[in-house]
Amino acid sequence: MGEALPPPPSEAPSFADDFSPGLDGERWIAHYLPHWTVPERSAARYEIVDAGLQLRIGSDQLDWREEDAPLRVSNVQTAMFSGPSGRSAVRTDIARTVSRCERRRLCACCSPLPADGSM
């Protein structure tokens, strides 16, 4: 037999969104775990349709991470957490700057490291 589902949340959702004006960047992060890969691989592909938000994965979409291939994702989320600021990451070929942003989200910014690995 399957495992029982956890109980529903005790709090009501803090907002509702029908996506009619588009994807609100103050509420939604249109990436899947961007702190573990590069933006081209983590970015959501989506359309706003009459029914709301339609996520899609195209045949030309890159794998989320080469190490996890084949795995292509399209995701929006309201928050993310990757540990304390300054925590080291698995990838060593990009520099990560993690800072606190409004609405208790974490923003991950990535840029290539110099060839010698210095910062």
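Below is a summary of the structure that appears in this document. The structure presented is a predicted model; accordingly, all values stated were derived computationally and were not measured.

Rules behind the numbers
- Residues numbered from 1 in each chain as written.
- Predicted model: local features only at pLDDT ≥ 70, side-chain atom pairs only at ≥ 80, totals over all residues.
- Heavy atoms only, no water.
- Pairing = 2+ DSSP bridges.
- Helix = DSSP H or I, 4+ residues; strand = E, 2+ residues; numbered from the N terminus.
- Salt bridge = Lys/Arg side-chain N within 4 Å of Asp/Glu carboxyl O.
- Buried < 20%, exposed > 50% of the residue type's maximum accessible area, 1.4 Å probe, protein only.

Here we take up the pairing of strand S1 (residues 46-49). For S1 and strand S2 (residues 52-55), the ladder comprises four bridges, and the chain directions are antiparallel. Residue pairing for S2: Ile48 is matched across the bridge by Leu53. Here S1 hands over to S2 after two residues, the two strands then running antiparallel side by side.

Using the criterion set out here, one finds five salt bridges in the structure. A salt bridge links Asp60 to Arg45; its shortest N-O distance comes to 2.7 Å. On the criterion of sequence distance, the pair formed by Asp60 in the loop between S2 and strand S3 (94-100) and Arg45 in the loop between helix H1 (39-42) and S1 is long-range, its members being 15 residues apart. What makes Asp60 exposed here is its relative accessible area of 55%. Overall, the relative accessible area of 24% leaves Arg45 in the partly exposed class. Taking the shortest distance from any N to any O, the salt bridge between Arg65 and Asp68 comes out at 2.7 Å. Among the residues examined, Arg65 registers a relative accessible area of 13% and is labelled buried.

Purely geometric numbers; function is a separate question.
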